[in-house]
Amino acid sequence: MTIATTLQAGTVMPEVRHTVEQADLIRYAGASGDFNRLHWDEPYAAQAGPTGGVIVHGMLTLGLLVRAVGEWIGGDDRVLSTSVSFRAPCPVGATVTLRAEVLESDDAAGTAVLAVGAELPDGSPVLDARRSRIVVRTG
């Protein structure tokens, strides 16, 4: 991915697509300690889950987005804060589209506020870009 050279209002991150596989969920569960059955047990998730199958950890989706933004702006260490609105579960095997756009940039503070989101292939939001923000260091 190309590193952003300027983070002025209106600058858009190139879309990043990631197909979330069961192996991603296993790695995330091991790292986070979140072994909720909705994320690995197909028969259980088929009955109890909101999608009729295994769903991706919400924080894994956020992690994919933060990684994409970090690569775009030149490093994860430039991400200062996140505030997101989860709108819908992401089924395992779905390809999520990760997006970010600079809403405002404060040169004096050396920061920028990004509207961020993640969508399923049908366009429905997993993370709502109208309500989700990442603040990054620009300088």
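Conventions used here
Residues numbered from 1 in each chain as written. Predicted model: local features only at pLDDT ≥ 70, side-chain atom pairs only at ≥ 80, totals over all residues. Heavy atoms only, no water. Core = buried A, V, L, I, M, F, W, Y, C linked by side-chain atoms within 4.5 Å. Buried < 20%, exposed > 50% of the residue type's maximum accessible area, 1.4 Å probe, protein only. Helix = DSSP H or I, 4+ residues; strand = E, 2+ residues; numbered from the N terminus. Contact = heavy atoms within 4.5 Å. Salt bridge = Lys/Arg side-chain N within 4 Å of Asp/Glu carboxyl O. UniProt positions renumbered as here; feature names shortened; annotations may be inferred. Polar contact = N/O pair within 3.5 Å; in protein donor to acceptor, adjacent residues only side chain to side chain. Pairing = 2+ DSSP bridges. Phe/Tyr/Trp six-rings, centres within 6.5 Å; stacked < 30°, edge-to-face > 60°. Lys NZ or Arg CZ within 6 Å of the ring centre and 35° of its normal.

Side note on the nonpolar core
Core analysis: the biggest nonpolar cluster contains 35 residues, and Val 69, Leu 98, Leu 114, Ile 134 and Val 136 have the highest contact counts within it. Looking at this core, the element that brings in the most residues is helix 3 (residues 58-73), giving 9 residues. Sequence-distant contacts of Ile 134, that is, excluding residues within four places in its chain, are made with Leu 65, Val 66, Val 69, Val 79, Ser 81, Thr 82, Ala 112, Val 113, Leu 114 and Val 116.

Examining the pattern of salt bridges
In this structure the tally under the stated criterion is 8 salt bridges. The salt bridge involving Asp 128 is made with Arg 130; its shortest N-O contact spans 2.9 Å. Of the residues examined, Asp 128 reaches a relative accessible area of 3% and is grouped as buried. Since its relative accessible area comes to 65%, Arg 130 is described here as exposed. Through salt bridges with shared partners, a single network forms among Glu 15, Arg 17, Arg 99 and Glu 119.

Re the UniProt feature "domain: MaoC-like" (unreviewed entry) in the chain
UniProt annotation of "domain: MaoC-like" (unreviewed entry) refers to residues 13-114 when read in the numbering used here. The span residues 13-114 carries 33% helix and 25% strand; its end-to-end C-alpha distance comes to 10 Å.

As for the side chain of Asp 128
Its place among the elements puts Asp 128 in the loop between strand 5 (125-127) and strand 6 (133-137). Within the structure, the side chain of Asp 128 is placed 2.9 Å from the backbone nitrogen of Arg 130, a separation counted as a polar contact. Each residue touching Asp 128, except ones within four places of it in the same chain, is listed here: Ser 85, Arg 87 and Val 116.

Details of the pairing of strand 1 (residues 16-19)
Here strand 1 shows a buried face lined by Val 16 and His 18 and an unburied face lined by Arg 17 and Thr 19. Judged from the 4 bridges that link them, strand 1 and strand 3 (residues 95-106) form a sheet pairing that is antiparallel. In the strand pairing of strand 3, Val 16 is matched with Leu 98.

Some points on the packing of aromatic side chains
Going through the model one piece at a time under the given rule, you end up with 0 aromatic pairs. Taking the ring centre of Tyr 44 as reference, the NZ or CZ of Arg 37 above it sits at 4.1 Å.

Things to note about the environment of Leu 7
Tracing the chain through its elements places Leu 7 in the segment before strand 1. In the structure, Leu 7 is positioned 42 residues away from Gly 49 in sequence and 39 Å away in space, judged by C-alpha atoms. Setting aside chain neighbours within four positions, we find Leu 7 in contact with Trp 72, Ile 73, Val 102, Ser 105, Ala 112, Val 136 and Thr 138.

Quick look at the pairing of strand 3
The pairing of strand 3 with strand 4 (residues 111-119) spans 9 bridges and is classified as antiparallel. Each residue of the ladder has a partner; that of Arg 99, found in strand 4, is Gly 117. Where strand 3 hands over to strand 4, the hairpin turn is made up of 4 residues, of which Gly 110 adopts a positive phi near 70°.

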